[in-house]
Number of protein chains: 2
Amino acid sequence: MKPTFMGASTKQGYDIAARSREIVRSLIDEKTKDLTAEEKSIVERIVHSTADPEYADITCMSNDFVLRGLEAVSQGKDILTDISMVKAGINRYTGDVKCYINHEKTIELAGNTEVTRAAAAIEVAASEGFDGVVVIGNAPTALWKVMKMVETGSMNVSAVIGVPVGFVGAAESKKALEGTSIPHLVTQGPKGGTPVAVAAINSLINISKNQ
Amino acid sequence: MKPTFMGASTKQGYDIAARSREIVRSLIDEKTKDLTAEEKSIVERIVHSTADPEYADITCMSNDFVLRGLEAVSQGKDILTDISMVKAGINRYTGDVKCYINHEKTIELAGNTEVTRAAAAIEVAASEGFDGVVVIGNAPTALWKVMKMVETGSMNVSAVIGVPVGFVGAAESKKALEGTSIPHLVTQGPKGGTPVAVAAINSLINISKNQ
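The rules behind these values
Residues numbered from 1 in each chain as written. Chains lettered and ligands numbered in written order. Predicted model: local features only at pLDDT ≥ 70, side-chain atom pairs only at ≥ 80, totals over all residues. Heavy atoms only, no water. UniProt positions renumbered as here; feature names shortened; annotations may be inferred. Helix = DSSP H or I, 4+ residues; strand = E, 2+ residues; numbered from the N terminus. Least-squares fit on C-alpha atoms with pLDDT ≥ 70 in both. Contact = heavy atoms within 4.5 Å. Buried area = accessible area lost by both parts, 1.4 Å probe. Salt bridge = Lys/Arg side-chain N within 4 Å of Asp/Glu carboxyl O. Polar contact = N/O pair within 3.5 Å; in protein donor to acceptor, adjacent residues only side chain to side chain. Nonpolar A, V, L, I, M, F, W, Y, C, P; charged D, E, K, R; others polar. Buried < 20%, exposed > 50% of the residue type's maximum accessible area, 1.4 Å probe, protein only. Pairing = 2+ DSSP bridges. Right-handed = clockwise from strand over helix to strand, strands pointing away.

As annotated in an unreviewed UniProt entry, chain A carries the name Cobalt-precorrin-8 methylmutase and comes from Methanobacterium subterraneum. Its UniProt record, at the heading Sequence similarities (unreviewed entry), says of chain A: "Belongs to the CobH/CbiC family." Quoted verbatim from the Pathway (unreviewed entry) field of UniProt, the annotation for chain A is "Cofactor biosynthesis; adenosylcobalamin biosynthesis."

The following block contains the structure:
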């Protein structure tokens, strides 16, 4: 499949994306000057997708995030998303993109316990032998579950894009992820969300295709 | 189907949503004091979904948006989204949620002309007899196409949620929508996006279930 530029697939789409990238660069150039080329490209795509330059201030990656993330994506390892919206935004990956939020085992597990559907879906993914990159765009409870399962050695995770959004629990879950040794990308504070998650993973996929 | 609260489906999810709504209200109460109860509820859900109180400043609805939108949703009319991510976020509607971005006719049309896939998808929807609420979370080109087709009487549109995002063309397309007589919700300026679009339409759907 042909690599694309910022998600564009037609000439008009490409022109819009190219002009947008110019504007994004002019807005965040100073803020991203200490990043590697790959990290800069990821942050640019997040700001392009949200039209919100604040993401250049709050997006933080561990030093090994790009390396480990690219390694996994280049090998075609699985990508796991917390919710269907994130999965729907990842449309040019040659490996599998999985999401168990609507899986019958998830619904059963969330019904029998006090966990959220999003957290239950992570447990189900691990039980199905997931191995790859986790992308959390919505639910802090899913991110906590990933950290716990990695800590107990019950889930194989190459890297985590952890950008849950919200005023309750999101910031805390991302701060905790930053304290782990899991290769990660986070957005500090309450902001984040599905477009940020999708921009980050699509940017990694695109970089891997251009290598 | 049971109406849900801010998208939550388990007790823990409900508790998080309830606490979030308290925080959201405290942040935007002053800004939303002149809105109707329904309009306030829509703006609250947008801020809840983005963790970005600025949306209370930039979200604008025409006076007839809630009335026309609710009317269409209560009658189970079609919902049309510009991209799959928006469709994936609308998961509790009893009517049809349509998206033609990956339809073969759309790919053919975008390949033969200079229009974007998102704009071509709107043309295809109209040719398939669409009648209902349009939800644009991503592509200004799709929003322009909707306005043009309504103007020429070639598309039946009850209301438009027009919140495309980006530094190139998004703000202009939303300003143009505000100048039409189409019942609409927009976010002024470059910001917007799929979570905003999904929050707005899911809020309408939820209000219609609680009526």
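Colleague: Just give me the short version of the UniProt feature "domain: Cobalamin biosynthesis precorrin-8X methylmutase CobH/CbiC" (unreviewed entry) in chain A, but keep the residues and values in it.
Modeller: The sites that carry the UniProt feature "domain: Cobalamin biosynthesis precorrin-8X methylmutase CobH/CbiC" (unreviewed entry) are, in the present numbering, residues 15–206 of chain A. Along residues 15–206 of chain A one finds 53% helix and 14% strand; the C-alpha atoms at either end are 18 Å apart.

Colleague: Hey, could you go over the relation of the copies chain A and chain B for me, with residue numbers and the actual values?
Modeller: Taken as rigid bodies, chain A and chain B are interconverted by a rotation of 180 degrees and an axial shift of 0.0 Å, the fit giving an RMSD of 0.0 Å. Expressed as a symmetry operation, the mapping of one chain copy onto the other fits a two-fold axis. The rotation axis passes nearest to the C-alpha of A:Met85 in chain A, at a distance of 2.5 Å. Both copies share a contact surface, since 100% of the interface residues of chain A are interface residues in chain B too.

Colleague: With reference to specific residues and values, describe unusual backbone geometry.
Modeller: The backbone phi angle of A:Ala51 is positive, close to 55 degrees, even though this residue is not glycine. By the secondary structure assignment, A:Ala51 is in the loop between α2 (37–50) and α3 (55–58).

Colleague: Quick one: what's the story with the interface of chain A and chain B, residue by residue and with numbers?
Modeller: Contacts between the two partners involve 36 residues from chain A and, on the opposite side, 36 residues from chain B. Between chain A and chain B, the buried area comes to about 2800 Å², and carbon and sulfur atoms account for 71% of it. Joining chain A to chain B, the criterion identifies 2 salt bridges. Between chain A and chain B we count 0 residue pairs in polar contact (both at pLDDT 80 or more) in total. Listing elements by their share of the side of chain A that touches chain B, those giving two or more residues are α1 (11–28), α2, α5 (84–89) and α10 (194–210) of chain A. The leading source of residues in the side of chain A that touches chain B is α1(A), at 9 residues. Looking at the side of chain A that touches chain B residue by residue, the class counts come to 17 nonpolar, 13 polar and 6 charged.

Colleague: Residues and numbers for the pairing of strand β5 (residues 156–162) of chain A, please.
Modeller: Residues and elements named next belong to chain A. With 6 of its 7 residues buried, β5 lies for the most part within the structure. Across 6 bridges, strand β4 (residues 131–136) lies against β5 in parallel orientation. What sits directly across from Ile-136, in β5, is Gly-162. Following the backbone out of β4, through helix α8 (residues 140–151) and into the adjacent parallel β5, one traces a crossover that is right-handed.

Colleague: Kindly report on the side chain of B:His184, identifying the contributing residues and their values.
Modeller: Residue and element names in this part refer to chain B. With respect to the secondary-structure elements, His-184 resides in strand β6 (residues 184–187). Only 2.8 Å separates the side chain of His-184 from the backbone oxygen of Ile-182, close enough to count as a polar contact. If we skip the residues at most four places from it in the chain, His-184 touches Cys-60, Met-61, Ser-62, Phe-65, Val-160, Leu-177 and Glu-178.

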